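# Coordinate analysis (summary)
One-letter residues, chain by chain:
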Amino acid sequence: MSRTVSSALLSLTLLAPFGAQAQQPLFGDWGNPAWSRYFKAIETRLIGPTPSNSDLAILLPTPTNADWASNNPTRRLLAMNNWGETMPSFQWTYLRNSSKRISDGYKYFLNAAMLQRIGQGTASDDLKNATRRALDELEFARSDYKASVDQADAAYENYAGVTPKPQRLTKAQFFKQQAYDVQIKVKDRALKEAAGTFDIISSGLNDPDIALLKDAQIRLTNPNQKIRLPASEQLINDPDRWQEYYITTIDKSLNIFANDYKPQTQEINEAQSSSQYFESRWKVNVSVKFLGLFRTAGASAEQTTRENHVRTNTTNIQIGFENLDVFPITRGEWYSQNVIDKFGPTLKTSEFNAVFGPGGQLEVIPMNLLVGKGMSFTVFADSQSLDYVYEHFHAAADAGIMIGWWRLGGSGEYSTTKENVEVKRFSDRITFTDLSGRPQVIAMAVKHMAGSMKPAAAVPQLLTAEQTMKGLKNVEAIWANEQGAKALQNFASPMLMQNLRLQLQ
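A short tour of the structure in this document, coming up. (Residues numbered from 1 in each chain as written. Predicted model: local features only at pLDDT ≥ 70, side-chain atom pairs only at ≥ 80, totals over all residues. Heavy atoms only, no water.)

### Brief notes about the sheet that holds strand β8 (residues 291-295)
Taken together, the 3 strands give an open sheet; going across it, the order is β8-β13-β14, and neighbouring strands pair in antiparallel fashion. Of all the strands in the sheet, the pair left with one neighbour each is β8 and β14 (406-409). On average, each strand axis in the sheet is tilted by 25° relative to the strand beside it, whichever way the strands run. Strand direction decides the pairing type here: β8 and strand β13 (residues 399-403), joined by 5 bridges, are antiparallel. Counted as the bridge partner of Leu291 is Ile403 from β13. In the packing of helix α13 (residues 383-393) onto the sheet, contacts are made with β8, β13 and β14, and the angle to β13 comes to roughly 130°. (Pairing = 2+ DSSP bridges. Helix = DSSP H or I, 4+ residues; strand = E, 2+ residues; numbered from the N terminus. Axes fitted to C-alpha atoms, helices over the stretch in contact; angles between N-to-C directions. Contact = heavy atoms within 4.5 Å.)

### Section: the nonpolar core
Trp68, Tyr106, Phe109, Phe356, Leu369 and Ile403 are the most contacted members of the largest nonpolar core, which totals 104 residues. With 8 residues, helix α3 (residues 102-120) is the largest single contributor of residues to this core. Counting 9 residues, the second-largest nonpolar core is a separate cluster that includes Ala152, Tyr159, Phe174 and Tyr180. (Core = buried A, V, L, I, M, F, W, Y, C linked by side-chain atoms within 4.5 Å. Buried < 20%, exposed > 50% of the residue type's maximum accessible area, 1.4 Å probe, protein only.)

### Quick notes on the pattern of salt bridges
Opposite charge on two side chains lets them pair, provided their charged atoms get close. For the coordinates displayed, the defined rule picks out 30 salt bridges. Residue Arg219 is joined to Asp215 by a salt bridge in which the shortest nitrogen-to-oxygen separation is 2.9 Å. Linking Arg219 with Asp215, this pair stays in helix α7 (residues 208-221), spanning 4 residues, or about one helical turn. We classify Arg219 as partly exposed; its relative accessible area is 32%. As a salt-bridge pair, Asp387 and Arg425 come within 2.6 Å of each other at their nearest N and O atoms. Placement of the pair is Asp387 in helix α13 and Arg425 in strand β15 (residues 421-425), with a sequence separation of 38 residues. Judged by relative accessible area, Arg425 falls into the partly exposed class, the value being 29%. Each of Arg117, Asp207, Asp209 and Lys342 takes part in one network of salt bridges that share partners. (Salt bridge = Lys/Arg side-chain N within 4 Å of Asp/Glu carboxyl O.)

### Some remarks on the environment of Tyr159
Its place among the elements puts Tyr159 in helix α4 (residues 125-162). Looking at Tyr159, the relative accessible area reads 19%, which means it is buried. Put simply, Tyr159 and Phe174 are 15 residues apart on the chain and 9.0 Å apart in space, counted from C-alpha to C-alpha.

### A word on the pairing of β15
Summarising the sheet, β15 and strand β16 (residues 429-434) pair through 5 bridges and their orientation is antiparallel. Along β16, the bridge assignment pairs Val423 with Phe432. Between the antiparallel neighbours β15 and β16 lie 3 residues.

### Regarding the sheet that holds strand β17 (residues 440-447)
Strand order in the open sheet formed by 5 strands is β2-β17-β11-β10-β7, and the pairing between neighbours is antiparallel. Both outer strands of the open sheet, β2 (55-65) and β7 (248-250), are each paired with one neighbouring strand and no more. Averaged over all pairs of adjacent strands, the angle between their axes in this sheet comes to 25°, without regard to strand direction. Along the sheet, helix α1 (residues 32-46) makes contact with β2, β10 (323-331), β11 (365-373) and β17, crossing β2 at roughly 105°.

### Concerning the packing of aromatic side chains
As enumerated under the stated definition, the model contains 31 aromatic pairs in all. Seen in terms of ring centroids, Tyr38 and Trp406 are 6.1 Å apart; in terms of plane orientation they differ by 75°. Their pairing is edge-to-face. A residue pair is termed long-range when its members are at least 10 positions apart, and Tyr38 in helix α1 and Trp406 in strand β14 qualify at 368 residues. Residue Tyr38 shares its accessibility class with Trp406, and that shared class is buried. Seen in terms of ring centroids, Trp92 and Phe278 are 5.5 Å apart; in terms of plane orientation they differ by 75°. Their pairing is edge-to-face. One end of the pair, Trp92, is in the loop between β3 (86-88) and β4 (96-101); the other, Phe278, is in helix α9 (residues 276-282), with 186 residues separating them in the sequence. (Phe/Tyr/Trp six-rings, centres within 6.5 Å; stacked < 30°, edge-to-face > 60°.)

Structure below.
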């Protein structure tokens, strides 16, 4: 079935500079001018015409199937979680960093913000110090509980990996057999006691900012904010091996998008601006040709000559989509961007860098995905270039054309195979149209907080050892108060109460 570029949702027209083609063809070498204009078009569609320093676009190095349309709810939630909970690396092309999760970074941030706010408050140094100590105990108990759960999960995973399913114990049976259930209960009780202690002590601060951070931590620790999911597709039918993950979804129907058609056109030429951010930050990192011919078996000398001719004499490329839309990534109540925006600038430099700086716990936060379908690519060039492109595409099963990050053809290429590509040759252009109908993720918008946020200029002075001890002794009066002791008793065991008092002596 014939398709035309005029039906495309988005048309990116990349024009060679008038009178300067011989000096710097738009698609020559790596095609940096073309990459910059393409990046600007994606940036504009994904973020807006004037993105802030903290709103950045990241391109997918291979347009990847949007994989959250499955009828299986577990598969759908797993795909959404992978896109929204796993942090990408800070670079112009998307690379998922499986070792970093947004929830872990957010947890680290809340603790750092709480410690910072305690030091900045107007309460007495004695009460501040006691609150810090209670927070330290809470964080230790939380980490200790998580370590116990992780240890038990890892032990069961090792056991399940070598035990056939028919002979395998359930996770609950295994935990009981190995006494992990008892260990986890003990750690859970200690965590609840530490949380109760911190809640009572910190209430004396009477600080609305502390109350806001405490509320954020309560939401983060709410068990209803987690769901159980498999770590990979291979474990979908093995629920005993699933783990807990924080709720993260993509807030738009992919099925509606796949059946929708909303044409619009966007033109880019030399009269319009390139991407300022790309030019200043990523231009030197480009090492992939914007336009090229490829063979999986390797390029011959003749292919290299033809490719150079094509890249030098191509004057215009149009990239179109039958549909293109932004898909917001949403997180449960456990996460608040407003809390990050409010308290991020209050962090001292070392903590700020640990959270938002290079390699930090929250260096980049996925916010939106740009999804397209029904892509078409029209190359305008001289007749010989068009012949070269057409002949190369049909030369062999492993031959294909590279335009931006799309690889058209080439023996089972993931983005678009030959079986799903329609090719039409005209006198002044050649058009490749993707017939697969598959929605594909082509870019991601992220928050890079260090781009617009700076750490606090001044840091409150730390308490001396003498002030610390004085604070601990004075806070004993709070616990000695009949009403306070009664409230604390609801959270803490007698043994915990005794230990707290002994630590203050």
